[in-house]
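Here are the chains, one letter per residue:
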Amino acid sequence: GESVGLHLPTLSVQEGDNSIINCAYSNSASDYFIWYKQESGKGPQFIIDIRSNMDKRQGQRVTVLLNKTVKHLSLQIAATQPGDSAVYFCAELNLRNAGNMLTFGGGTRLMVKP
Amino acid sequence: NAGVTQTPKFRILKIGQSMTLQCAQDMNHNYMYWYRQDPGMGLKLIYYSVGAGITDKGEVPNGYNVSRSTTEDFPLRLELAAPSQTSVYFCASSYSLAQEYEQYFGPGTRLTVT
């Protein structure tokens, strides 16, 4: 079946720098693309989403970019902090699927160096 | 609200044993989900439910069973534990509306089968 994947398994950045986490997707019929953050020993936590008819959405210190031409999704974190250290997953949602099921990618580990 | 709660936090099973992973939510969500997460991997959907009395298979249902007798509870049953079921199990829930699809995750149950 179609799936969501990630380019980089591990990303190491200096505190204060900006981070960019990338994701490739293959299902162009998805309605939403979502980023989740998973801290060690915890369940995933919703960060931000973007509807498929948008190309950019901003939150607090985070921006998600969607490039439908190349089926690419990215999460930008401004002024990365130690608390941002976690595994980040992209996921996609097709509202025509029963139960609002999400398809998750494999995750990128973000390590913030002090 | 407690959100999504899971018990136990950790469990070690011998091959062939059975157990039930408990999941409860107090947000009056119609939709509930069970995922497994293998080390360094993303989440794979085991089963989901769109309401009390209704369950359906996800991507990896073999070796598991679920029931949904109430809106609040969604237990996952392993009948004959196998080493391949060693994983971290996450329960999640969400509203049923398309514009409120965000899934809220529990803290997970770490299961080891030896």
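Before reading further, recall that the structure is shown in the block above.
Since the structure is predicted, the reported quantities are computational estimates derived from the model, not experimental observations.

Novice: Can you explain the packing of aromatic side chains? Please cite residues and give values.
Specialist: Taken as a whole and judged by the stated rule, the model has eleven aromatic pairs over all chains. Measuring from centroid to centroid gives 5.6 Å for A:Phe104 and B:Tyr35, while their planes differ by 90 degrees, and the two rings are edge-to-face. Taken as a pair, A:Phe104 in strand S10 (residues 102–104) and B:Tyr35 in strand S4 (residues 31–37) lie in two separate chains rather than in one. Across the pair, exposure class does not vary: A:Phe104 and B:Tyr35 are buried alike.

Novice: Could you give an account of the interface of chain B and chain A, with specific residues and numbers?
Specialist: With 22 residues of chain B at the contact, the number on the chain A side is 21 residues. Buried area between chain B and chain A, summed over both chains or domains, comes out near 1,600 Å², and the portion from carbon and sulfur atoms is 61%. Contact with chain A buries area across many residues of chain B, yet B:Leu43, B:Tyr101 and B:Phe105 alone supply 36% of it, more than any other trio. Counting every contact that joins chain B to chain A gives zero salt bridges. Our count for the contact surface shared by chain B and chain A stands at five residue pairs in polar contact (both at pLDDT 80 or more). Elements with a minimum of two residues in the side of chain B that touches chain A: S4 and strand S5 (43–51) of chain B.

Novice: Report on the state of the cysteines, specifying residues and quantitative values.
Specialist: Two cysteines form a disulfide when their sulfur atoms are joined by a covalent bond. All names here are of chain B. Using the criterion set out here, one finds two disulfides over all chains in the structure. Sulfur-sulfur distance for the disulfide between Cys23 and Cys91 comes to 1.8 Å. Classification of the bridge connecting Cys23 and Cys91 rests on its S-S torsion, roughly -70 degrees, and on that basis the disulfide is left-handed. In this pair, Cys23 is assigned in strand S3 (residues 19–25) and Cys91 in strand S9 (residues 87–94), connecting sequence segments 68 residues apart. With a relative accessible area of 0%, Cys91 lands in the buried category.

Novice: Any details on the sheet that holds strand S7 (residues 64–66) of chain B? Residues and values, ideally.
Specialist: Residue and element names in this part refer to chain B. Strand order in the open sheet made by the four strands is S1-S3-S8-S7, with antiparallel pairing throughout. Here the strands that pair on one side only, and so sit at the sheet edges, are strand S1 (4–7) and S7. Each strand axis lies, on average, 20 degrees off the axis of its neighbour in the sheet, ignoring direction. Both S1 and S3 contribute to a ladder of four bridges, which runs antiparallel.

Novice: Can you tell me about unusual backbone geometry, naming the residues and giving the values?
Specialist: Residue B:Thr7 is joined to B:Pro8 through a cis peptide bond whose omega torsion reads -5 degrees. Examined against the element boundaries, B:Pro8 turns out to sit in the loop between S1 and strand S2 (10–13). Despite not being glycine, A:Arg61 has its phi angle at roughly 70 degrees, a positive value. Looking at where A:Arg61 falls in the secondary structure, it is placed in the loop between strand S6 (56–58) and strand S7 (62–67). For A:Arg61, a relative accessible area of 30% puts it in the partly exposed group. The backbone of A:Lys71 sits at a positive phi, close to 55 degrees, despite the residue not being glycine. Checked against the element boundaries, A:Lys71 lands in the loop between S7 and strand S8 (72–77).

Rules used in this analysis
Residues numbered from 1 in each chain as written. Chains lettered and ligands numbered in written order. Predicted model: local features only at pLDDT ≥ 70, side-chain atom pairs only at ≥ 80, totals over all residues. Heavy atoms only, no water. Phe/Tyr/Trp six-rings, centres within 6.5 Å; stacked < 30°, edge-to-face > 60°. Helix = DSSP H or I, 4+ residues; strand = E, 2+ residues; numbered from the N terminus. Buried < 20%, exposed > 50% of the residue type's maximum accessible area, 1.4 Å probe, protein only. Contact = heavy atoms within 4.5 Å. Buried area = accessible area lost by both parts, 1.4 Å probe. Salt bridge = Lys/Arg side-chain N within 4 Å of Asp/Glu carboxyl O. Polar contact = N/O pair within 3.5 Å; in protein donor to acceptor, adjacent residues only side chain to side chain. Disulfide = S-S within 2.5 Å. Pairing = 2+ DSSP bridges. Axes fitted to C-alpha atoms, helices over the stretch in contact; angles between N-to-C directions.

Bear in mind that shape data such as this cannot, by itself, settle questions of function.
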